[in-house]
Amino acid sequence: MVLVLVLGSGVSGLTCGLELARAGHQVELWADSRGMAPSNWIWEFPPYNVAGISDLIPSPPETVIRQSEARANNWAKESYKEFMRLAVEVPEAHVHLVPVFNLSRHEKLPPNSGADWLKDYQRGPPVLKGAAALTPLTYTDGESYTATACHGPWYLKWLRAELEQLGGTVRYGKHIKSISECFTQEPGASVMVNCTGLGAREIVPDANVYPCKGQLVHVAAPWIECTIFSDDPAAYAIAVPGQDLELGGTAQDLEQDRKPNQEALHQILSTNAQVQPSLSGLKGDAWVGLRPKRSGGIQLELSLG
């Protein structure tokens, strides 16, 4: 049996560890601390900005962007199948089916390559008719489909429980400074998988990885049962059954300060209230996290050494 070290306890690390354990490997997952997770997660297609494009960082070549997007789209399609299965067959995973509306105020949306396989996919007038019951704003184009959503902390807890049930070990408080240090601390390991996200800047090191500060607001709005993305005003509301509504959001590249910004909080509340007036006057709690982004997209490659 091969001993595999997995670095990182976010959704990538725990999922990777679980799949390796299911394949019959001995898995140890090391992390500095527990994975950071906002409350509500929504699966969306196409995935959001997988190439790490930023106004503050030189963009990679167009061919690199397209290759990164194609890979991520294939992974997203496979993950959609699994999340749909979990939603139907595994209630303890806390994955739910949620309708999603993606609305464009002034322009036509680009074609969605998932139109043929996304559940309940619709585009154009039928979507705009449905959206009229949700928002007073007038949109030019829209698409809708059934997506999967979950409560992030509960889903991470379920992943860890599944991994440990298969004999995997999760160790927090492991401060790793380099890839080579892993094999020094655990010489019996044959393979190491790096899922550290933002930590890859130092551990690899990978200078293409950088932080993106995101601020969200959670409000009590149980009457909202679908997820809406609006381009103008730029706002989104992610609904997960049994959880507060998650409103977004900001995306500040290269910003590392995790303190909530009160101006951003009020802006998020205001723009979402324009889209859904029933949210007007609600008070909310801010959540701030650092998204890992990488210029040129996700790095997934084998290194022999």
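Residues numbered from 1 in each chain as written. Predicted model: local features only at pLDDT ≥ 70, side-chain atom pairs only at ≥ 80, totals over all residues. Heavy atoms only, no water.

Enquirer: Would you mind going over the overall build of the protein in detail, with residue names and values included?
Expert: Counting its secondary structure elements, the protein contains seven helices and 14 strands. For the protein, the C-alpha radius of gyration of 20 Å lies close to 19 Å, the compact-globule estimate for 305 residues. Overall, the protein is about 60 × 45 × 40 Å in size when its C-alpha atoms are taken along their principal axes. Residue burial in the protein is summarised as follows: out of 305 residues, 44% are buried. Sequence separation of at least 24 residues holds for 78% of the intrachain contacts in the protein that already meet a minimum separation of 6. Total accessible area on the protein is roughly 15700 Å²; 54% of this is exposed by carbon and sulfur atoms. (Helix = DSSP H or I, 4+ residues; strand = E, 2+ residues; numbered from the N terminus. Rg over C-alpha atoms; globule rule 2.2 N^0.38 Å. Buried < 20%, exposed > 50% of the residue type's maximum accessible area, 1.4 Å probe, protein only. Contact = heavy atoms within 4.5 Å. Areas by Shrake-Rupley, 256 points an atom, 1.4 Å probe, with all protein chains shown as cover.)

Enquirer: Which residues make up unusual backbone geometry, and what values do they have?
Expert: Omega for the peptide link from Asp232 to Pro233 comes to 0°, which places this bond in the cis form. With an omega dihedral of -10°, the bond running from Gly248 to Gly249 counts as a cis peptide bond. Tracing the sequence through the fold places Gly249 in the loop between strand S12 (245-248) and strand S13 (252-253). Of note, the phi angle at Asp120 is positive, near 60°, even though the residue is not glycine.

Enquirer: Describe in detail the sheet that holds strand S2 (residues 26-31), supporting the description with residues and values.
Expert: Read from one edge to the other, the open sheet built from four strands follows the order S7-S2-S1-S8, with strand pairing classed as parallel. This sheet does not close on itself; its edge strands, each paired only once, are strand S7 (169-172) and strand S8 (191-194). When strand polarity is set aside, the average angle formed by the axes of neighbouring strands in this sheet is 20°. With four bridges joining them, S2 and S7 adopt parallel strand pairing. Each bridged residue has a counterpart across the sheet, and for Glu28 the counterpart in S7 is Thr169. The strands that helix H4 (residues 152-165) touches are S2 and S7; relative to S7, the one it contacts most, it runs at about 125°. (Pairing = 2+ DSSP bridges. Axes fitted to C-alpha atoms, helices over the stretch in contact; angles between N-to-C directions.)

Enquirer: Go over the side chain of Thr227 with me, naming the residues and quoting the values.
Expert: Mapped onto the elements of the fold, Thr227 is located in strand S10 (residues 227-231). Take Thr227: its relative accessible area is 0%, and that puts it in the buried class. At 3.2 Å, the side chain of Thr227 and the backbone nitrogen of Ala239 are in polar contact. Ignoring sequence-local partners within four residues, the contact set of Thr227 consists of Ile42, Val98, Pro99, Val100, Phe101, Ala237, Ile238 and Ala239. (Polar contact = N/O pair within 3.5 Å; in protein donor to acceptor, adjacent residues only side chain to side chain.)

Enquirer: Give me the lowdown on H4, citing residues and values where you can.
Expert: Two residues of an α-helix separated by three or four positions point the same way, owing to the 3.6 residues in each turn. With 14 residues, H4 extends 20 Å from end C-alpha to end C-alpha; this agrees with the ideal 20 Å at 1.5 Å per step. A positive phi of about 95° marks Gly167, the residue just after H4. (Expected span 1.5 Å × (residues − 1).)

Enquirer: Let's hear about the packing of helix H1 (residues 11-22) against H4: which residues, and what values?
Expert: Close contact between H1 and H4 brings their axes to 9 Å; oriented N to C, the two are set at 25°. Classified by the angle their axes make, H1 and H4 are roughly parallel. The crossing of H1 and H4 is left-handed. Where H1 abuts H4, its residues Val11, Leu14, Thr15, Gly17, Leu18, Ala21 and Arg22 lie against Tyr155, Leu156, Trp158, Leu159, Arg160, Glu162 and Leu163. Grouping the amino acids of the contact of H1 with H4 by side-chain chemistry returns nine nonpolar, two polar and three charged. (Parallel < 35°, antiparallel > 145°, perpendicular 65-115°, else oblique. Left-handed = near helix turned anticlockwise from the far one by under 90°. Nonpolar A, V, L, I, M, F, W, Y, C, P; charged D, E, K, R; others polar.)

Enquirer: Residue-level account of the pairing of strand S9 (residues 209-219), with values.
Expert: Counted residue by residue, S9 has eleven buried out of eleven residues, so it is predominantly covered. Burial along S9 is two-sided: the residues Val209, Pro211, Lys213, Gln215, Val217 and Val219 and Tyr210, Cys212, Gly214, Leu216 and His218 are all buried. Pairing between S9 and strand S14 (residues 285-294): ten bridges, direction antiparallel. Along S14, the bridge assignment pairs Gln215 with Val288. The sheet contact formed by S9 and S13 spans two bridges and is antiparallel. Looking at the pairing, Cys212 lines up with Asp253 of S13. Sheet analysis places S9 next to S12, joined by four bridges and oriented antiparallel.

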